[in-house]
Structures are given as structure tokens and as C-alpha cells.
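So you can see what is in the structure, the chains are spelled out below.
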Amino acid sequence: MDPMKRSWMALTLALGLVLAQSTYTVQPGDTLYSIAKRFGTTVEALQVLNGLEDPTKIAVGQVLKVEGQPPAPAVQRLNAPFGALELPREVSQGQTFRLRVRSGAQVTVRFLNQRYAVQGESLLIAVPRLHPEGTYAIAFDAAGSSYSARLPVRAVEKGRQALTLSPDTAALLQPDKIAAELARLTDLCKSGPAEQLWQSTWKKPVDSNRITTIFGIRRSYNGGPYRSYHEGLDYGAPTGTPVFAPAPGVVALAEALFVRGNAVVLQHGLGVCSGYWHLSRIAVKPGQQVKAGDLIGYVGSTGLSTGPHLHFEVRVHGVPTDPAAWLVRAP
Ligand SMILES: [Zn+2]
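Note that the structure is a prediction, hence the values are computed from the model and not measured.

## Quick word on the overall build of the chain
Looking only at helices and strands, one finds six helices and 25 strands in the chain. Scaling as 2.2 N^0.38, a compact globule of 331 residues should have a C-alpha radius of gyration of about 20 Å, and the chain matches this with 21 Å. Dimensions along the principal axes, computed over C-alpha positions, put the chain at roughly 75 × 60 × 40 Å. For the chain, the proportion of its 331 residues judged to be buried stands at 48%. The long-range share in the chain, meaning contacts at least 24 apart out of those at least 6 apart in sequence, stands at 65%. A total accessible area of about 16000 Å² is found for the chain, and carbon and sulfur atoms account for 55% of it. Here the chain holds 33 positive side-chain charges and 24 negative ones, and the gap between their average locations is 2 Å.

Set out below in C-alpha cells:
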């Protein structure tokens, strides 16, 4: 190669690196939304790229990465008696991780008091949001033998939110009805197609960059204890704004629920489902197959809701996980 061409290539490479790592310093009056708009990106991408635990809180002078991909999680590769394993070096509360198992045997995994059968070569596990920080055993059972590794769970701080509900809305907080509705959703999310239906990162389900409530924030209703947490991501959007399937799936539920209002649940395979609550209208029927970008309903404020918004959630084997990650680098 001639020297001129070589130096041009070096320059292009250096420029590419600079662009891939460009940063922005937060100015007075900025919001993550305004920064996302300026750089033609999304609040979810900025959140994941910068490891922001609460994307609604940024400080003047804070330096944000605005381009590039978030780093892939560091993995540990292990050789068990029954085959090869690949798992992350550490995980966080509310995060989904992928486990790869190459073995001729049927493998069962035990982690945080749950048991999972590996189908094919991949298993997704969500770390419960409120599981205490610490290092835990992850155990593999196959062909009559057991193998165990250590997996640290890192804590994340998402803050607290005290909600004041009107008497009408508070009347929806009936423990038996809440429990029954949740049990039904969890069951739906534990079933569904065995194979993974998505091939790429998920699309945003609504055209809004206004996140009104993040995943994982601890919640108290009408001065009660902070017993629960927010299980999804809330987008502020006017009533009637279209809601789209973020990934291919099968409609598992499309009806009015007591707490969640007009609801749609999609199953995406591999134990993953997504939910859309408080819709003004539902545009799909149970059993229907959808592609990424298909219309599934419209934003509303039905059920336990204080104003028009889309509540979007993702569950893995029934456990809620932070949806933002799925919109930037699907696990
Ligand atoms: Zn919500």
C-alpha cells in the first residue's frame, strides 16, 4: 500500500475513534430528552451508554457519552464436566443476562432459588430488582453431576417515589385482585414459544422520549411503606398515540384488566414477554402474530393510572427486568 493511502487510512481510523467516543457536557436547562434530540439518539441509549441509574436525573457539568455502543458485558468461560459454559462476570439487580451452554446433556440451572431447564444452547435469566447484593452460587445439573460457579449481583440505586392516589384510583389497590392479576401475567410469561423470536435490538414501542417513571424505582402509595417498585418504563404521550410491537411476538393477552386497565401482553420466546398497560384502545387479538413495528394499541389512562402514558414492561420467566436495555442492546 502506498504511504499516502496508509496515512489516510490511519487518519480515518483515528477520526472514527474520536467520533465513536464523542462526549457532551451537561449545560443548565438540559434534559436527557433535549440532549437525545440534539444528537439524534434516544434517552434509553444515553441511559445505557452512560450507566445512568436514573435517566431523569442529570447534573450540570456531567460529561455524557453521546455516541457508540455500550460495552458488551465481560464474560467468564468455564469448562464443566458435561460441557462448556459462558456467563457474565457480574450482573446487576433488574438486569437480564444470557447463559450459553454447550453440552450434549439436558442441563438444569439453579440461581437465586429458581430452577431453569436449558432449551437449546441459551438461557435468559433476570435478576430480581430487590434481590440483596452479594455473590451467589449458580449451579448446573446435567447427566447426574453438578457444577457450580460464583456470580456477583451488584446493587443499583433507583430512588423512591411517593404516589398520592385519588379515592377512585386507590380503590383499585385490592391485594387479592392485585395478586390474581399478577399470577396470571407471570404464568403467561413463563409459557410461550420455546425459540427466541427476535433477531435484533428491540424498537421503541411509542414515539416519545419523555420517560416519566423509570424501571426499578421504589414506590409508596398514599403514605404507605415502600414495599413495591415500578416494574416497567413509563412514557408520557397523549391519549391515542399509537403503540407498536418492539419485537416479533405472539399476542398472549389483549383485554381490560382490573389494575392495569386495557392491556396487551406479547410473548417473544425463550421465556420473554412484554406488557403494555393503561391503553385507551387495543388493536390486536389473542393468538395473533406480530412483527416489530406492528400496531398493537393506543396510549390511554385506563386502570391504575394518574394520566395518559404508556407503561411498557419486559419480563423474563415472569421476573420484571429493565426494558431500556432491550432497546439498546437486546440481551
Ligand atoms: Zn408504569
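From this point, things continue past the structure.
## Some details on the domain arrangement of the chain
The domains assigned to the chain are domain 1 (3–65), domain 2 (75–154) and domain 3 (160–326). Measuring from the centre of the C-alpha atoms in domain 2 to the corresponding centre in domain 3 gives 27 Å. Counting residues at the interface gives 15 residues for domain 2 and 16 residues for domain 3. Taking both sides of the interface into account, the surface hidden between domain 2 and domain 3 amounts to around 1100 Å²; carbon and sulfur atoms contribute 63%. Summed over the three residues of domain 2 that lose the most area to domain 3, namely Leu124, Arg129 and Leu130, the buried surface amounts to 43% of that side. Summed over the shared surface of domain 2 and domain 3, the number is zero salt bridges. The interface formed by domain 2 and domain 3 includes six residue pairs in polar contact (both at pLDDT 80 or more). Considering every element that reaches the side of domain 2 that touches domain 3, the biggest residue donor is strand 9 (residues 122–126), with five residues. Here the side of domain 2 that touches domain 3 is composed, by residue class, of eight nonpolar, five polar and two charged.

## Remarks on the side chain of Glu313
The residue Glu313 is located in strand 24 (residues 309–316) in this model. A distance of 2.6 Å separates polar atoms of two side chains, one belonging to Glu313 and the other to Arg315.

## Notes on the coordination of the zinc ion
Binding of the zinc ion to the protein goes through His230 (NE2), Asp234 (OD), Asp234 (OD) and His311 (ND1), at separations of 2.0 to 2.7 Å. Of note is the zinc ion, whose four donor atoms meet at the metal with angles of 52 to 154 degrees in an arrangement that counts as irregular. Between the donor residues of the zinc ion, the gaps in sequence give the motif H-x3-D-x76-H. A residue pair is termed long-range when its members are at least 10 positions apart, and His230 in the loop between strand 15 (228–229) and strand 16 (233–236) and His311 in strand 24 qualify at 81 residues.

## Structural notes on the pattern of salt bridges
This model, assessed by the stated rule, comprises 11 salt bridges. Measuring nitrogen to oxygen at the nearest pair gives 3.3 Å for the salt bridge that ties Arg77 to Glu86. You can call Arg77 exposed: its relative accessible area is 63%. Arg154 serves as the salt-bridge partner of Glu90, at 3.7 Å between the closest nitrogen and oxygen. In this pair, Glu90 sits in the loop between strand 4 (83–88) and strand 5 (91–92) while Arg154 sits in strand 11 (residues 145–154), placing the two residues 64 residues apart along the sequence. Owing to a relative accessible area of 43%, Glu90 belongs among the partly exposed residues under this scheme. For Arg154, a relative accessible area of 37% corresponds to the partly exposed category. One network of salt bridges, in which partners are shared, links Arg77, Glu86 and Arg100.

## Notes on the packing of aromatic side chains
In total, this model carries seven aromatic pairs according to the counting rule given. Judged by centre distance (4.8 Å) and plane angle (55 degrees), the ring pair of Trp202 and Trp326 falls under tilted. Of this pair, Trp202 sits in the loop between helix 5 (175–190) and strand 13 (211–213) while Trp326 sits in helix 6 (residues 323–326); the two residues are 124 residues apart in sequence, bridging distant segments of the chain. Classification of Trp202 as buried rests on a relative accessible area of 3%. Residue Trp326 is classed as buried on the basis of its relative accessible area of 0%. Each ring, one from Phe215 and one from Tyr229, has its centre 6.0 Å from the other, and the planes form 80 degrees; the classification is edge-to-face.

## Observations concerning the sheet that holds strand 15
Strands sit in the order 12-14-15 across an open sheet of three strands; the sheet is mixed. Each edge of the open sheet carries a strand with a single partner, namely strand 12 (160–163) and strand 15. Pairing analysis gives four bridges linking strand 12 to strand 14 (residues 218–221), with the strands arranged parallel. Bridge pairing in strand 14 places Leu163 opposite Tyr221.

## Looking at helix 3 (residues 43–50)
Within helix 3, seven of the eight residues are buried, which leaves it mostly tucked inside the rest of the structure. Looking only at helix 3, the buried set comprises Val43, Glu44, Ala45, Leu46, Gln47, Leu49 and Asn50. Those residues of helix 3 that are buried lie in contact with helix 2 (32–38), strand 2 (63–65), strand 13, strand 16 and helix 6. Gly51 sits one or two residues past helix 3 and shows a positive phi near 60 degrees.

The rules behind the values
Residues numbered from 1 in each chain as written. Predicted model: local features only at pLDDT ≥ 70, side-chain atom pairs only at ≥ 80, totals over all residues. Heavy atoms only, no water. Helix = DSSP H or I, 4+ residues; strand = E, 2+ residues; numbered from the N terminus. Rg over C-alpha atoms; globule rule 2.2 N^0.38 Å. Buried < 20%, exposed > 50% of the residue type's maximum accessible area, 1.4 Å probe, protein only. Contact = heavy atoms within 4.5 Å. Areas by Shrake-Rupley, 256 points an atom, 1.4 Å probe, with all protein chains shown as cover. Lys, Arg positive; Asp, Glu negative; His and termini not counted. Charge placed at Lys NZ, Arg CZ, Asp CG, Glu CD. Domains from an automatic or database assignment. Buried area = accessible area lost by both parts, 1.4 Å probe. Salt bridge = Lys/Arg side-chain N within 4 Å of Asp/Glu carboxyl O. Polar contact = N/O pair within 3.5 Å; in protein donor to acceptor, adjacent residues only side chain to side chain. Nonpolar A, V, L, I, M, F, W, Y, C, P; charged D, E, K, R; others polar. Donors = N, O, S within 2.8 Å, 3.2 Å for Na, K, Ca; no water. Tetrahedral: all angles 85-135°; square planar, octahedral: opposite > 155°, others 65-115°. Phe/Tyr/Trp six-rings, centres within 6.5 Å; stacked < 30°, edge-to-face > 60°. Pairing = 2+ DSSP bridges.

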